Amino acid sequence: MTEKKGRGDYKTRAYFLIKDVLLSADGAHLRADEIYDILRERGERVGLTTVYRQLTRLTEEGFTRKTTTENAGSCYSLLGEHCSEHYHLVCTECGALDHLSCDHVEEFMHHIALRHGFTVSPLKTTLYGLCAACTRKKKRKDPQ
């Protein structure tokens, strides 16, 4: 099952299988190995290298968003109602990834656009730091 699209640009069965996994993930962020495991559980014979290659392609085509975490590596989510016009918070300690929808952030981004003439892309902007749980753990270990 392939779909020809333009100058030799073919979409393989694996492409559609991976896209289906992301669609059924309901906005969850999945690593390539998790997608691979889901495909294997479904009885699909797709190699891990193929999963990575197709995720790169889906990201380049604007269907997925790739977010890199220090502990978990890269996570992918399908763009759309769950993951498009917001920013991400990634914990550098535990790798937790959260969506950031906040009026204050929107005000700040509006300020950057008006005052500095620069539009920040939510698809390319991720804030890294410590989540609340890791901050509490750190304070217990290092009380000052």
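Just so it is clear, the structure is predicted and the values come from calculations on it, not from any experiment.

Criteria and thresholds
Residues numbered from 1 in each chain as written. Predicted model: local features only at pLDDT ≥ 70, side-chain atom pairs only at ≥ 80, totals over all residues. Heavy atoms only, no water. Phe/Tyr/Trp six-rings, centres within 6.5 Å; stacked < 30°, edge-to-face > 60°. Buried < 20%, exposed > 50% of the residue type's maximum accessible area, 1.4 Å probe, protein only. Helix = DSSP H or I, 4+ residues; strand = E, 2+ residues; numbered from the N terminus. Arc of directions from axis to C-beta. Pairing = 2+ DSSP bridges. Axes fitted to C-alpha atoms, helices over the stretch in contact; angles between N-to-C directions. Contact = heavy atoms within 4.5 Å. 1 Å grid on protein atoms, 1.4 Å probe; cavity = no way out; pocket = protein on both sides within 12 Å on 5 of 7 lines; lining within 4 Å. Points joined across faces, edges and corners; volume = space filled by probe spheres on them. Nonpolar A, V, L, I, M, F, W, Y, C, P; charged D, E, K, R; others polar. pLDDT = per-residue confidence, 0-100.

Thoughts on the packing of aromatic side chains
Scanning all chains against the criterion turns up 1 aromatic pair. Pairing Tyr 15 with Phe 16 gives two aromatic rings, centres 5.2 Å apart and planes at 80°, and the pair type is edge-to-face. We classify Tyr 15 as buried; its relative accessible area is 1%. Note on Phe 16: relative accessible area 25%, which makes it partly exposed.

Notes on the environment of Thr 49
Topologically, Thr 49 is positioned in helix α3 (residues 48-60). A relative accessible area of 59% places Thr 49 in the exposed class. Between the C-alpha atoms of Thr 49 and Asp 33, which are 16 residues apart in sequence, the distance is 9.8 Å.

Digging into helix α2 (residues 32-41)
Residues of α2 that are buried: Ala 32, Ile 35 and Leu 39. For α2, the angular spread of the buried residues around the axis is 60°, confining them to a single face. Where α2 ends, the next residue or the one after it, Gly 43, has phi of about 85°, a positive value.

Overview of the sheet that holds strand β7 (residues 97-100)
Ordered by their spatial adjacency, 3 strands build an open sheet running β7-β6-β8, and the pairing between neighbours is mixed. One side of each edge strand has no neighbouring strand; the edge strands of this open sheet are β7 and β8 (126-129). When strand polarity is set aside, the average angle formed by the axes of neighbouring strands in this sheet is 25°.

Observations concerning the sheet that holds strand β5 (residues 73-78)
Here we have 3 strands laid out as an open sheet, ordered β3-β5-β4, and antiparallel in their pairing. The outermost strands of the open sheet, each flanked by one partner alone, are β3 (30-31) and β4 (64-69). Summarising the sheet, β3 and β5 pair through 2 bridges and their orientation is antiparallel. The partner of Leu 30 across the bridge, within β5, is Tyr 76. Its contacts with the sheet put α3 on β4 and β5, and the angle it makes with β4 is roughly 115°.

Describing the layout of surface pockets
Empty space within the largest pocket amounts to approximately 190 Å³. Along the walls of the largest pocket sit Thr 59, Gly 62, Thr 64, Arg 65, Lys 66, Thr 67, Thr 68, Leu 79, Leu 123, Lys 124, Thr 126 and Tyr 128, which together make up its complete lining. Those elements that place two or more of their residues in the lining of the largest pocket are β4 and β8. Ranked by residue count, the leading element in the lining of the largest pocket is β4, at 5 residues. Among the residues making up the lining of the largest pocket, the classes are represented as 3 nonpolar, 6 polar and 3 charged.

Some points on the confidence of the model for the chain
The pLDDT averaged across the chain works out to 82; a share of 86% of its residues lies at or above 70. Within the chain, no element has a lower average pLDDT than strand β1 (residues 3-5), which sits at 47, and none a higher one than α2, at 95. Low pLDDT, under 50, characterises residues 1-8; the predicted model gives this stretch 13 contacts beyond four residues in sequence or across chains.

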